[in-house]
Amino acid sequence: MNLHEYQAKWLFAQHGVPIPKGKVATTGSQARSIARELGGRVVVKSQVLTGGRGKAGGVKLANDPDEAESIANQILGLDIKGYTVRKVLVDEAANIRDEIYLAILIDRSRRLPMMMASAAGGMDIEQVAAETPEKIFRIHIDPMIGLRSYQSTYVASGMDLPPKLWREFHIITTGLFDAFRAVDASLAEINPLVVTGENGLLAVDGKLSIDDNALFRHPELAEMRDVDEETESEREARQYGLSYIQLDGNIGCMVNGAGLAMATMDVIKLYGGEPANFLDIGGGATTESVTAALRIILADAKVKAVLFNIFGGIVRGDEVANGIVEALKQIGSDIPMVVRLLGTNAEEGLQILADANMATATTLTEAAQKAVALA
Amino acid sequence: MSILIDQNTRLLVHGITGRQGMFHTEKMLAYGTNVVGGITPGKGGQWVHGVPVFNTAQKAMEATGANCSMISVPARFAADSMYEAADAGIPLIICLTEGIPVQDMIEVRAYLDRLGVRLVGPNCPGLITPGKPGRAGMSGTKVGITPGSIVMPGRAGIVSRSGTLTYEVIYALTSRGIGQSTCIGIGGDPIIGSNFIDVLRMFEEDPETDRVVIIGEIGGNDEQLAAAYISKSMTKPVAAFIAGRTAPPGRRMGHAGAIVEGASGTAEAKIEALEAVGVKVADHPEQIVELIS
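In what follows, the accompanying structure is described.

### As for the overall build of chain A
Point 1. What chain A contains, in helices and strands, is 13 helices and 19 strands.
Point 2. Over its C-alpha atoms, taken along the principal directions, chain A stretches across nearly 80 × 50 × 40 Å.
Point 3. For chain A, buried positions account for 52% of its 375 residues.
Point 4. As displayed, chain A offers around 15900 Å² of accessible surface, 49% of which is attributable to carbon and sulfur atoms.
Point 5. The averaged location of the 49 negative side-chain charges in chain A is 4 Å from the averaged location of its 36 positive side-chain charges.

And the structure:
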């Protein structure tokens, strides 16, 4: 789960990271009164869960409350990469001298949290990594001993940060690590961390991704989920415990198991088709979950054919077949469908489907070819 | 023979009184696995399919001399169960549970490494060493949920990050008469116990495995590390399938670990690394059969 910038910065601030004064507005007049309260120049920033807000015109400076209001009115309602702006953050404008990139994430191969920092802040870190890898500093953090002062010093001195800022930098790195631990983050990022004209450090932008698997112990964070940022289908899928990701193709797929779901998409593509989605119905294929999944797939108007690929291991093929037939009765659709069943009681299942006049297949290749031909 | 589990395995099931635990205990017993005990706090003294239930792993160890634990408890209790098994002296833990927080797994893995405990999983289907029906019932050993009906004894070792996709490949192999020595699911999470290299090394040393199938997917760089190991240390032929060629970047594809972040996580990068060291990579799962025959 990704949090908005204002939520991320607020959580960082709880752990001692300095952030600009600011508040969230949902209307232009609110933006005006926040700007008046703050005094001086402000920056109006769209709050959407995607990158590239600046380039899309979603981040702008305002010199006074009047301008803050008109800019907020421009930005609110803006479409940024498919996300509608519903909130803006109005922050005190920082006096920026230098920009630093600072993040904590998980290094899978070392199996440890890792701090990444670069003096080339404000830039896309992937680009820095590709063009000037020597400018990126990486420090692994053992949770047993935490992030130590010498590690922050290694990074600060490596980036040529003035020595009188090293102590403050360490307060920020440990604050960021504490936040990372406290909220079960998979990524906590400050980009940029600004060296101000007043010789201080300030986290001007923040990004925080929370491990969905840890939300059970963070009910307060689960409530921060912005349901406006989800599509109807994503919301429904989440409610039914389905893994669903919409894609651009026209062949809908319903599969049990994430690896098999990816492989099914790959095979569709291999035979000249384009998958419309990734959908894993999980361990048990019940009538209820099959019905919900089918509804979600068919809600996508691009879908011209549906491929079911179910490996009956623990789940029995005849049960799945009955589930599919029942789901179709409830939903009703003219879209052609191909069902492939494998494993336990597959033959009985295929018979049930054949009786219901559905196209069936035994191998994945055959199923994919049929679906591609029908789409 | 086989790797990690065989007829000498004495298994404890953590979460044996749960719906899944009970169901799979019955299946494992029927397949020939020696399930010696189960653990559910507060339910010590009960029996599940003829298997005694204990309140703690410590008590279960004293009573049964177990040498393997299978964890089938809800995600929020899974880390605790793994620590408990390790502290009781269990040398091999198979964790099926999906949805364990990544930061928990960092600590669990570090602790288990310190005690020299081998972990398989989490978020995996476990292992199966295929057996045959005999006078005393099935002679196979399975720890986990892979259906016994799709495997057959033989000499191909299977290692995979996935569940049903592995069944798909096993099924295709079995249908064409290619049996398996051991099939092992290492799990789809970002932080796992045993990785491809650990398992490849065991298959390389196993006298009853003569070829190996790797089933990988997007995310991380475990497949690239496996490729380097294969080129340096494997004498047995290896074939592979990598799922997720059509996966969009930055989206988590069901498994917590299946997400393309940066160039090394893509299916293309993994396929390229494996092909560069002579591993044949299948275009679709059923093609594995042709590449490994």
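### Focus: the pairing of strand S14 (residues 211–217) of chain B
Residues and elements named next belong to chain B.
Point 1. In terms of burial, S14 is largely enclosed, as six of its seven residues are buried.
Point 2. When strand S12 (residues 153–160) meets S14, the two strands line up parallel, connected through five bridges. In the sheet register, serine 160 faces S14, and the bridge partner there is isoleucine 215.
Point 3. Of the strand pairs in this sheet, S14 and strand S15 (residues 238–243) are connected by six bridges, and their pairing is parallel. Each residue of the ladder has a partner; that of valine 213, found in S15, is alanine 239.
Point 4. Between the parallel elements S14 and S15, the chain passes through helix H7 (residues 222–233) in a crossover that is right-handed.

### Overview of the environment of leucine 12 of chain B
Residues and elements named next belong to chain B.
Point 1. Position of leucine 12 relative to the elements: it lies in strand S1 (residues 11–14).
Point 2. Judged by relative accessible area, which is 0%, leucine 12 ranks as buried.
Point 3. Residues leucine 12 and valine 51, 39 residues apart in the sequence, show an inter-C-alpha distance of 9.5 Å.
Point 4. Discounting chain neighbours no more than four positions away, the residues touching leucine 12 are Val36, Gly37, Ile39, Ala60, Thr64, Ala66, Cys68, Ser69, Met70 and Ile90.

### A closer look at helix H6 (residues 166–182) of chain A
All names here are of chain A.
Point 1. For H6, built from 17 residues, the straight-helix expectation of 24 Å at 1.5 Å per residue is met to within 8% by its first-to-last C-alpha distance of 24 Å.
Point 2. Those residues of H6 lying buried are Phe169, His170, Ile172, Thr173, Gly175, Leu176, Phe177, Ala179 and Phe180.
Point 3. A positive backbone phi angle near 55° is found at aspartate 184, which sits one or two residues after H6.

### Details of the pattern of salt bridges
Point 1. Here the structure, examined in full by the defined rule, presents 29 salt bridges over all chains.
Point 2. A salt bridge links arginine 32 of chain A to glutamate 69 of chain A, with the nearest nitrogen and oxygen atoms 2.4 Å apart. Here glutamate 69 of chain A lies in helix H3 (residues 65–75) and arginine 32 of chain A lies in helix H2 (residues 28–38), a separation of 37 residues in the sequence.
Point 3. For arginine 32 of chain A, a relative accessible area of 25% corresponds to the partly exposed category.
Point 4. With a closest N to O distance of 2.9 Å, arginine 155 of chain B and aspartate 210 of chain B form a salt bridge. Of this pair, arginine 155 of chain B sits in strand S12 while aspartate 210 of chain B sits in the loop between helix H6 (196–205) and S14, and the two are 55 residues apart along the sequence.
Point 5. In this structure, a network of salt bridges that share partners links the residues Glu5, Lys9, Lys45, Arg53, Asp91 and Asp205 of chain A.

### What about the pairing of strand S7 (residues 88–92) of chain A?
All names here are of chain A.
Point 1. Across the five residues of S7, four count as buried, placing the element largely inside the fold.
Point 2. As paired strands, strand S2 (residues 22–25) and S7 are joined by four bridges and run antiparallel to one another. Paired with alanine 25 across the strands is valine 88, a residue of S7.
Point 3. Here five bridges tie strand S3 (residues 42–46) to S7, and the two strands are oriented antiparallel to one another. If you follow lysine 45 over to S7, its bridge partner there is leucine 89.

### Digging into the interface of chain B and chain A
Point 1. Across the boundary between the two partners, chain B contributes 55 residues, which contact 46 residues of chain A.
Point 2. Interface of chain B and chain A: buried area, both sides summed, is about 3900 Å²; carbon and sulfur atoms make up 61% of it.
Point 3. Sorting the residues of chain B by area buried against chain A places Gln103, Thr246 and Met253 of chain B first, and these three jointly supply 17% of that buried surface.
Point 4. Where chain B packs against chain A, one counts five salt bridges.

### Looking at the packing of helix H9 (residues 258–270) of chain A against helix H13 (residues 364–374) of chain A
Residues and elements named next belong to chain A.
Point 1. At a minimum axis distance of 9 Å, the contact between H9 and H13 shows a crossing angle of 60°. When the axes of H9 and H13 are compared, the pair comes out oblique. H13 is crossed by H9, and the crossing has right-handed handedness. When H9 is examined against H13, the residues Thr264, Val267 and Ile268 are found in contact with a partner set consisting of Leu364, Ala368 and Val372.
Point 2. Partitioning the contact of H9 with H13 into residue classes produces five nonpolar, one polar and no charged.

What counts, and at which threshold
- Residues numbered from 1 in each chain as written.
- Chains lettered and ligands numbered in written order.
- Predicted model: local features only at pLDDT ≥ 70, side-chain atom pairs only at ≥ 80, totals over all residues.
- Heavy atoms only, no water.
- Helix = DSSP H or I, 4+ residues; strand = E, 2+ residues; numbered from the N terminus.
- Buried < 20%, exposed > 50% of the residue type's maximum accessible area, 1.4 Å probe, protein only.
- Areas by Shrake-Rupley, 256 points an atom, 1.4 Å probe, with all protein chains shown as cover.
- Lys, Arg positive; Asp, Glu negative; His and termini not counted.
- Charge placed at Lys NZ, Arg CZ, Asp CG, Glu CD.
- Pairing = 2+ DSSP bridges.
- Right-handed = clockwise from strand over helix to strand, strands pointing away.
- Contact = heavy atoms within 4.5 Å.
- Expected span 1.5 Å × (residues − 1).
- Salt bridge = Lys/Arg side-chain N within 4 Å of Asp/Glu carboxyl O.
- Buried area = accessible area lost by both parts, 1.4 Å probe.
- Axes fitted to C-alpha atoms, helices over the stretch in contact; angles between N-to-C directions.
- Parallel < 35°, antiparallel > 145°, perpendicular 65-115°, else oblique.
- Left-handed = near helix turned anticlockwise from the far one by under 90°.
- Nonpolar A, V, L, I, M, F, W, Y, C, P; charged D, E, K, R; others polar.

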